[in-house]
Amino acid sequence: GRIGPEERDEALAAVAALVPDPPPTRAGSHFADWVLAELSALGGAATEGLTATATLDPAMQAAAERVLRDAIATQGPAAGATQAALVAMTPDGRVRAMVGGVDYAESQFNRATEAWRQPGSAFKLFVYLAALAMGATPETTILD
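None of the values given here were measured: they were computed from a predicted structure.

Draft legend 1. Region of interest: the overall build of the chain. From N to C terminus, the chain includes four helices and two strands. In sequence order, the chain lays out its α and β elements as α-α-α-β-β-α. Within the chain, contacts between residues at least 6 apart in sequence are counted, and of these 52% link residues at least 24 apart. Carbon together with sulfur atoms contributes 60% to the accessible area of the chain, which is approximately 11300 Å² in total.

As C-alpha coordinates, then:
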(Lines give C-alpha, C1' and ligand atoms only; values in the text may rest on other atoms or scores of the structure.)
Protein backbone atom coordinates (compact mmCIF):
# COMPACT_ATOMS: atom_id res chain seq x y z
CA GLY A 1 0.00 0.00 0.00
CA ARG A 2 2.97 2.41 -0.03
CA ILE A 3 3.14 2.74 -3.84
CA GLY A 4 0.51 2.85 -6.52
CA PRO A 5 -0.08 0.30 -9.30
CA GLU A 6 1.83 2.40 -11.87
CA GLU A 7 4.91 2.64 -9.64
CA ARG A 8 4.71 -1.08 -8.91
CA ASP A 9 4.53 -2.00 -12.63
CA GLU A 10 7.39 0.37 -13.39
CA ALA A 11 9.54 -1.15 -10.62
CA LEU A 12 8.80 -4.74 -11.73
CA ALA A 13 9.75 -3.86 -15.31
CA ALA A 14 13.12 -2.54 -14.14
CA VAL A 15 14.10 -5.37 -11.76
CA ALA A 16 17.84 -5.88 -11.93
CA ALA A 17 19.09 -9.38 -12.66
CA LEU A 18 22.55 -10.48 -11.64
CA VAL A 19 24.12 -12.34 -14.55
CA PRO A 20 27.86 -12.62 -13.99
CA ASP A 21 30.05 -13.04 -17.03
CA PRO A 22 32.15 -16.19 -16.82
CA PRO A 23 35.85 -15.43 -16.67
CA PRO A 24 37.50 -15.69 -20.07
CA THR A 25 39.28 -18.97 -20.69
CA ARG A 26 42.98 -18.34 -20.47
CA ALA A 27 45.31 -19.80 -23.06
CA GLY A 28 47.09 -22.87 -21.84
CA SER A 29 44.60 -23.60 -19.09
CA HIS A 30 45.30 -27.34 -19.14
CA PHE A 31 49.00 -26.50 -18.88
CA ALA A 32 48.42 -24.11 -15.97
CA ASP A 33 46.36 -26.72 -14.12
CA TRP A 34 49.09 -29.31 -14.70
CA VAL A 35 51.85 -26.99 -13.46
CA LEU A 36 49.86 -26.14 -10.32
CA ALA A 37 49.25 -29.83 -9.63
CA GLU A 38 52.96 -30.57 -10.07
CA LEU A 39 53.88 -27.76 -7.68
CA SER A 40 51.41 -29.03 -5.10
CA ALA A 41 52.96 -32.49 -5.36
CA LEU A 42 56.36 -31.01 -4.47
CA GLY A 43 55.05 -30.05 -1.04
CA GLY A 44 56.22 -27.19 1.11
CA ALA A 45 54.36 -24.61 -0.95
CA ALA A 46 51.89 -23.85 1.82
CA THR A 47 54.56 -23.04 4.39
CA GLU A 48 57.65 -22.06 2.44
CA GLY A 49 56.27 -20.88 -0.90
CA LEU A 50 57.52 -21.86 -4.33
CA THR A 51 58.52 -20.00 -7.44
CA ALA A 52 58.09 -21.68 -10.80
CA THR A 53 59.13 -20.60 -14.26
CA ALA A 54 56.78 -21.98 -16.90
CA THR A 55 57.98 -22.89 -20.37
CA LEU A 56 54.75 -22.30 -22.28
CA ASP A 57 55.12 -20.41 -25.57
CA PRO A 58 51.90 -18.38 -26.01
CA ALA A 59 52.12 -18.31 -29.82
CA MET A 60 52.79 -22.05 -30.00
CA GLN A 61 49.97 -22.66 -27.51
CA ALA A 62 47.50 -20.68 -29.62
CA ALA A 63 48.57 -22.59 -32.74
CA ALA A 64 48.25 -25.93 -30.92
CA GLU A 65 44.74 -25.07 -29.71
CA ARG A 66 43.73 -24.02 -33.24
CA VAL A 67 45.22 -27.15 -34.86
CA LEU A 68 43.52 -29.46 -32.38
CA ARG A 69 40.12 -27.76 -32.77
CA ASP A 70 40.41 -27.86 -36.57
CA ALA A 71 41.49 -31.52 -36.59
CA ILE A 72 38.54 -32.58 -34.44
CA ALA A 73 36.12 -30.47 -36.50
CA THR A 74 37.32 -31.83 -39.85
CA GLN A 75 38.60 -35.35 -39.12
CA GLY A 76 36.94 -36.15 -35.81
CA PRO A 77 33.53 -37.26 -37.11
CA ALA A 78 35.03 -39.80 -39.53
CA ALA A 79 37.24 -41.22 -36.76
CA GLY A 80 34.47 -41.13 -34.17
CA ALA A 81 36.53 -38.69 -32.09
CA THR A 82 35.13 -35.74 -30.19
CA GLN A 83 38.25 -34.94 -28.18
CA ALA A 84 42.01 -35.05 -28.56
CA ALA A 85 45.17 -33.91 -26.81
CA LEU A 86 48.45 -32.40 -27.92
CA VAL A 87 51.77 -31.78 -26.18
CA ALA A 88 54.69 -30.01 -27.87
CA MET A 89 58.05 -30.29 -26.12
CA THR A 90 61.63 -29.29 -26.76
CA PRO A 91 64.29 -32.03 -26.85
CA ASP A 92 65.29 -31.13 -23.28
CA GLY A 93 61.75 -31.79 -22.00
CA ARG A 94 60.32 -28.27 -21.76
CA VAL A 95 56.60 -28.21 -22.49
CA ARG A 96 55.99 -25.42 -24.99
CA ALA A 97 52.29 -26.15 -25.64
CA MET A 98 49.72 -28.41 -24.02
CA VAL A 99 46.13 -28.86 -25.09
CA GLY A 100 44.15 -31.32 -23.01
CA GLY A 101 40.91 -31.11 -24.96
CA VAL A 102 38.91 -29.16 -27.51
CA ASP A 103 37.30 -26.67 -25.11
CA TYR A 104 38.68 -26.00 -21.62
CA ALA A 105 35.55 -24.08 -20.59
CA GLU A 106 33.44 -27.16 -21.40
CA SER A 107 35.76 -29.75 -19.82
CA GLN A 108 38.78 -29.22 -17.61
CA PHE A 109 39.76 -32.91 -17.87
CA ASN A 110 43.30 -32.91 -19.27
CA ARG A 111 43.49 -35.73 -21.79
CA ALA A 112 47.22 -35.10 -22.25
CA THR A 113 48.12 -35.86 -18.62
CA GLU A 114 45.14 -37.60 -17.02
CA ALA A 115 43.76 -39.97 -19.67
CA TRP A 116 44.74 -43.63 -19.43
CA ARG A 117 45.78 -45.12 -22.74
CA GLN A 118 47.33 -48.31 -23.98
CA PRO A 119 51.05 -47.97 -24.76
CA GLY A 120 50.67 -49.62 -28.18
CA SER A 121 53.41 -48.61 -30.60
CA ALA A 122 55.38 -46.80 -27.90
CA PHE A 123 57.10 -50.13 -27.19
CA LYS A 124 58.35 -50.47 -30.77
CA LEU A 125 60.97 -47.82 -30.10
CA PHE A 126 62.64 -50.00 -27.45
CA VAL A 127 62.40 -53.20 -29.49
CA TYR A 128 63.91 -51.64 -32.60
CA LEU A 129 66.52 -49.67 -30.67
CA ALA A 130 67.67 -52.88 -28.99
CA ALA A 131 67.88 -54.55 -32.41
CA LEU A 132 69.93 -51.66 -33.84
CA ALA A 133 72.24 -51.79 -30.82
CA MET A 134 72.79 -55.49 -31.52
CA GLY A 135 73.86 -54.77 -35.11
CA ALA A 136 70.61 -54.84 -37.06
CA THR A 137 70.14 -52.37 -39.91
CA PRO A 138 66.95 -50.81 -41.26
CA GLU A 139 66.92 -53.56 -43.92
CA THR A 140 67.20 -56.40 -41.40
CA THR A 141 64.11 -58.57 -41.09
CA ILE A 142 63.23 -59.15 -37.43
CA LEU A 143 60.69 -61.66 -36.21
CA ASP A 144 58.54 -59.82 -33.72
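Draft legend 2. The arrangement of the packing of aromatic side chains in detail. The final tally for this structure, using the stated rule, is one aromatic pair. With centroids separated by 5.9 Å and ring planes inclined at 50 degrees, the aromatic side chains of Phe 31 and Trp 34 adopt a geometry described as tilted. With Phe 31 and Trp 34 both in helix α2 (residues 29-42) and three residues apart, this pair spans about one turn of that helix.

Draft legend 3. Inspection of a nonpolar patch on the surface at higher detail. Together, Phe 123, Leu 125 and Phe 126 line one region of the surface with nonpolar side chains, adding up to about 360 Å² of accessible area. By secondary structure assignment, the location of Phe 126 is in helix α4 (residues 124-133).

Draft legend 4. Focus on the pattern of salt bridges. Throughout the structure, instances matching the rule amount to three salt bridges. Asp 9 is paired through a salt bridge with Arg 8; the nearest N and O atoms lie 2.7 Å apart. You can call Asp 9 partly exposed: its relative accessible area is 42%. With relative accessibility at 45%, the residue Arg 8 sits in the partly exposed group. Between Asp 92 and Arg 94 there is a salt bridge, with the nearest N and O atoms lying 3.0 Å from each other. Of the residues examined, Asp 92 reaches a relative accessible area of 55% and is grouped as exposed. When its relative accessible area of 46% is taken as the criterion, Arg 94 is described as partly exposed.

Draft legend 5. Layout of the side chain of Thr 55. Position of Thr 55 among the secondary structure elements: in the loop between α2 and α3 (58-79). What makes Thr 55 buried here is its relative accessible area of 19%. A polar contact of 2.5 Å, which involves the side chain of Thr 55, links it to the backbone oxygen of Val 95. When residues no more than four places from it in sequence are discounted, the contact partners of Thr 55 are Phe 31, Arg 94, Val 95 and Arg 96.

Draft legend 6. Structural context of the environment of Arg 117. The residue Arg 117 is located in the loop between β2 (95-99) and α4 in this model. If near-sequence neighbours (up to four positions away) are discounted, Arg 117 is found in contact with Arg 111 and Ala 112.

Draft legend 7. Region of interest: α3. Counted at 1.5 Å a residue, the expected span for α3 with its 22 residues is 32 Å, and the 29 Å between its end C-alpha atoms agrees. Maximum bend of α3: about 40 degrees, positioned at Ala 73, with proline Pro 77 one to four residues after it. If you check which residues of α3 are buried, you get Gln 61, Ala 64, Leu 68, Ile 72 and Gly 76. Taken together, the buried residues of α3 touch β1 (86-89) and β2.

Here is what the cut-offs are and how they apply
- Residues numbered from 1 in each chain as written.
- Predicted model: local features only at pLDDT ≥ 70, side-chain atom pairs only at ≥ 80, totals over all residues.
- Heavy atoms only, no water.
- Helix = DSSP H or I, 4+ residues; strand = E, 2+ residues; numbered from the N terminus.
- Contact = heavy atoms within 4.5 Å.
- Areas by Shrake-Rupley, 256 points an atom, 1.4 Å probe, with all protein chains shown as cover.
- Phe/Tyr/Trp six-rings, centres within 6.5 Å; stacked < 30°, edge-to-face > 60°.
- Patch = residues over 30% accessible without salt bridge, like charges linked within 9 Å, V, L, I, M, F, W, Y side chains within 5 Å.
- Salt bridge = Lys/Arg side-chain N within 4 Å of Asp/Glu carboxyl O.
- Buried < 20%, exposed > 50% of the residue type's maximum accessible area, 1.4 Å probe, protein only.
- Polar contact = N/O pair within 3.5 Å; in protein donor to acceptor, adjacent residues only side chain to side chain.
- Expected span 1.5 Å × (residues − 1).
- Bend = angle between axes of the 7 residues up to and from the residue.

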